[in-house]
Amino acid sequence: MRLAKYGTSVICGLLLCTSALTAQEQEKKEETNVESEYMQSVEDQVISELANNDNRDDKIVALQYLKDAADEGRITPDMMNTLDHLAGEGLTNQSRTGGRVTNNYPDIRKQACDILANVKTEESKNILKTIALNDNEPMVLTAAIRALGEIGINESDEVISAINWAQKRNMALNPTSSMALEVLNAYEKLADSVENKQPMLEQIARIAGNNRYVKSVRKRAKELLKKFQEESAGK
């Protein structure tokens, strides 16, 4: 009987000890979470302030922070807002002095597009689509189109339509081989999601027959056109 009572006391003591340890671990976990959230909030604020400064170099530092966060898969809603801001630097958001835009930084917009390629979300797609429809700088358009291909979202052909528009406008104003190549790459990546392929095929044919593009790009267009035609015939 005494042994049974002793055993019961030991078990109760162990249970109390375990309960106390569990409570301590939970408390430490909560403290860690609070600290982590606080640090994240501070980082978001620092990045936002850097991005909103007039100094171009500060924006570049903000982009480096954002790239690291994207590579580590920890982009927050506040960071997305900052990427949206930087992707439209001098385009969708403008600072003016005497009527002149003072924050037209295509290289900043291009880097923001490159980062968005690693954030495969509906929000990223929407930001990049806006850039494809509105930007005039070939290097920015090239980055936006490449990113749209990487993300791979194309509901109701909205992304393909934006890429078609950007390519058609660029071909008319300033044919750029590097951009045409990324258009072709994006077409190939998005092909399975395209409902109406005719406008896309027409753009590929135009690239293939335009001598203002380098030979390797025209060859790539011909190969892609042949591939799509064979796939269509095989269905």
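Here the structure is a predicted model, which is why all the values come from computation and not from measurement.

1. Observations concerning the packing of helix α6 (residues 138-151) against helix α8 (residues 177-190)
Running from N to C, α6 and α8 point in directions that differ by 15°, and their axes come no closer than 8 Å. Between α6 and α8, the angle falls in the class roughly parallel. Where α6 crosses over α8, the two elements pack in a sense that is left-handed. Side by side, α6 and α8 meet where P138, L141, T142, I145, R146, L148, G149 and E150 of the first sit next to S178, M179, E182, V183, A186, K189 and L190 of the second. Here the residues of the contact of α6 with α8 sort into eight nonpolar, three polar and four charged.

2. Section: α8
With 14 residues, α8 ought to run about 20 Å at 1.5 Å a step, and its terminal C-alpha atoms sit 20 Å apart, in line with that. Contact partners of the buried residues in α8: α6, α7 (158-173), α9 (198-208) and α10 (215-234).

3. Some thoughts on the confidence of the model for the protein
Of all residues in the protein, 83% attain a pLDDT of 70 or more, and the chain-wide mean is 88. The spread of mean pLDDT over the elements of the protein runs between helix α1 (residues 2-52), the lowest at 64, and α8, the highest at 98. Overall, residues 1-6 carries pLDDT values under 50, and its contacts beyond four positions in sequence, including any with other chains, amount to zero contacts.

4. Things to note about unusual backbone geometry
For S156, which is not glycine, the phi torsion reads 55° and is therefore positive. For S156, the position within the fold is in the loop between α6 and α7. One non-glycine residue, D157, adopts positive backbone phi at about 60°. In this structure, D157 sits in the loop between α6 and α7. For D157, a relative accessible area of 8% corresponds to the buried category.

Calculation notes
Residues numbered from 1 in each chain as written. Predicted model: local features only at pLDDT ≥ 70, side-chain atom pairs only at ≥ 80, totals over all residues. Heavy atoms only, no water. Axes fitted to C-alpha atoms, helices over the stretch in contact; angles between N-to-C directions. Helix = DSSP H or I, 4+ residues; strand = E, 2+ residues; numbered from the N terminus. Parallel < 35°, antiparallel > 145°, perpendicular 65-115°, else oblique. Left-handed = near helix turned anticlockwise from the far one by under 90°. Contact = heavy atoms within 4.5 Å. Nonpolar A, V, L, I, M, F, W, Y, C, P; charged D, E, K, R; others polar. Expected span 1.5 Å × (residues − 1). pLDDT = per-residue confidence, 0-100. Buried < 20%, exposed > 50% of the residue type's maximum accessible area, 1.4 Å probe, protein only.

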